[in-house]
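Below are the chains, spelled out letter by letter.
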Amino acid sequence: MATSLVNPEKRHVSIQVKNISKRFKTRKGITEALTDISVDVKEGEFFCIVGPSGCGKTTLLRILAGLEEQTDGEVILSWQDRQRPLSTMVFQEQSAYPWLTVEQNVEYGLRLRKVPKSIRRQVTRDWIEMVGLQGFEHHYPGQLSGGMKQRVAIARAFANDPEILLMDEPFVNLDEQTKIIMQQELIHLWEANRKTVVFITHSIDEAIMMGDRIMMLTAHPGRVKRLFDIDLPRPRNIAEIRANPHFAELFTDIWALLKSEVELARRQDAN
Ligand SMILES: Nc1ncnc2c1ncn2[C@@H]1O[C@H](COP(=O)(O)OP(=O)(O)O)[C@@H](O)[C@H]1O
Ligand SMILES: [Mg+2]
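Residues numbered from 1 in each chain as written. Chains lettered and ligands numbered in written order. Predicted model: local features only at pLDDT ≥ 70, side-chain atom pairs only at ≥ 80, totals over all residues.

## Focus on the sheet that holds strand β8 (residues 196–200)
So, point 1. Strands sit in the order β6-β7-β8-β4-β9-β10 across an open sheet of six strands; the sheet is mixed. The sheet is open, and its two edges are formed by β6 (87–90) and β10 (224–229), each paired on a single side. Pairwise comparison of adjacent strand axes, ignoring direction, gives a mean angle of 15 degrees for this sheet.
So, point 2. As judged from the five bridges shared by strand β9 (residues 213–217) and β10, these two strands associate in the antiparallel manner. Across the sheet, residue isoleucine 214 finds its bridge partner in β10, namely phenylalanine 228. (Pairing = 2+ DSSP bridges. Helix = DSSP H or I, 4+ residues; strand = E, 2+ residues; numbered from the N terminus. Axes fitted to C-alpha atoms, helices over the stretch in contact; angles between N-to-C directions.)

## A word on the site of ligand 1
So, point 1. Near ligand 1 there are 13 residues, and of these Phe24, Ala33, Lys57, Thr58 and Thr59 occur at the shortest range.
So, point 2. Looking at the shell around ligand 1, the elements with two or more residues in it are β2 (13–26), β3 (29–42) and α1 (57–64).
So, point 3. For the shell around ligand 1, the leading source of residues is α1, giving three residues.
So, point 4. Tallied by class, residues from the shell around ligand 1 come to three nonpolar, nine polar and one charged. (Near = placed C-beta within 6 Å. Nonpolar A, V, L, I, M, F, W, Y, C, P; charged D, E, K, R; others polar.)

## As for the packing of helix α4 (residues 117–130) against helix α5 (residues 146–159)
Relative placement of two packed helices is described by the angle separating their axes and the distance separating the axes.
So, point 1. Interaxial distance between α4 and α5 falls to 9 Å at its minimum, and their mutual angle equals 140 degrees. Our classification of the angle between α4 and α5 gives oblique. The hand of the α4/α5 crossing is right-handed. Contacts from Val123, Thr124, Trp127, Ile128 and Met130 of α4 reach α5 at Ala155, Phe158 and Ala159.
So, point 2. Taken together, the residues of the contact of α4 with α5 break down into seven nonpolar, one polar and no charged. (Parallel < 35°, antiparallel > 145°, perpendicular 65-115°, else oblique. Left-handed = near helix turned anticlockwise from the far one by under 90°. Contact = placed C-beta atoms within 7 Å.)

## What about the domain arrangement of the chain?
So, point 1. When cut into domains, the chain gives domain 1 (3–86 + 167–270) and domain 2 (93–161).
So, point 2. Each residue belonging to the side of domain 1 that touches domain 2 can be placed in one class, and the counts come to seven nonpolar, three polar and two charged. (Domains from an automatic or database assignment.)

## Some words on the environment of alanine 207
So, point 1. Counting through the fold element by element, alanine 207 comes out in helix α7 (residues 204–210).
So, point 2. Residue classification places alanine 207 among the buried residues on the basis of 26 C-beta atoms within 10 Å.
So, point 3. Measuring from C-alpha to C-alpha, the distance between alanine 207 and asparagine 193 comes to 19 Å, with 14 residues separating the pair along the chain.
So, point 4. Excluding anything up to four places from it in sequence, alanine 207 contacts Cys48, Val50, Thr201 and Ile214. (Buried ≥ 20, exposed ≤ 12 C-beta atoms within 10 Å, placed from the backbone.)

Structure representation (structure tokens):
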């Protein structure tokens, strides 16, 4: 049950998930969302989680973020630099605060941590530039497109410089072209920063393009079905990766396993 935060002996491991289960009490009874999940995520790893809808991906991420408590098991997060926040979450949508400007959004975490204004301004300016939002500093999210809003959320998360970045299907609501651009940008940002990232997606394509490893969960309740190493070269370019024959092999292998879980999830939905 305990969630400890420091684990100095295991510097190479950023997140240890040990036998996590989660049951929700609802009016209809008890829903088992996750069953006995165990995995280690290494420091600086881009770790993707895929699985059919309703399998518990968001629940697992919320447990890692400390927003939800597991019913059984233990999560150990390595927090090496107490000056930095432990984790920051990027959600599917509405991750940018609508009442703050782009600039205020990006500097939000730094302001909370009382980072001196001159540093805050510099870091904020750098990240706004890195996600291509110069000129929009004083705009509110309501004045921006969906892709730009997600850029604000990503800039805010990176500017906050957490030990661990948790992303829950951050591009799911974007149109196809914007999504590809954002995926490529995130790959570049991550390759330049090498932060520990846990990235949820239901897209195999996206998981292979972005990830170092993929954990597949079974249909509800989520268990670990398989872990895949994505041994594609970096730096990655989306167009080149998609054309790589190994990409097609990985896709075929992963889909072969995921297909039965998706079918199972669809049968569960129908009942
Ligand atoms: N707060 C909650 N109360 C009750 N059941 C929940 C709650 N959150 C999630 N669930 C249930 O847990 C399961 C996993 O949900 P979720 O983690 O959102 O899945 P995913 O993100 O993979 O689509 C689903 O059956 C969902 O209905
Ligand atoms: Mg979800």
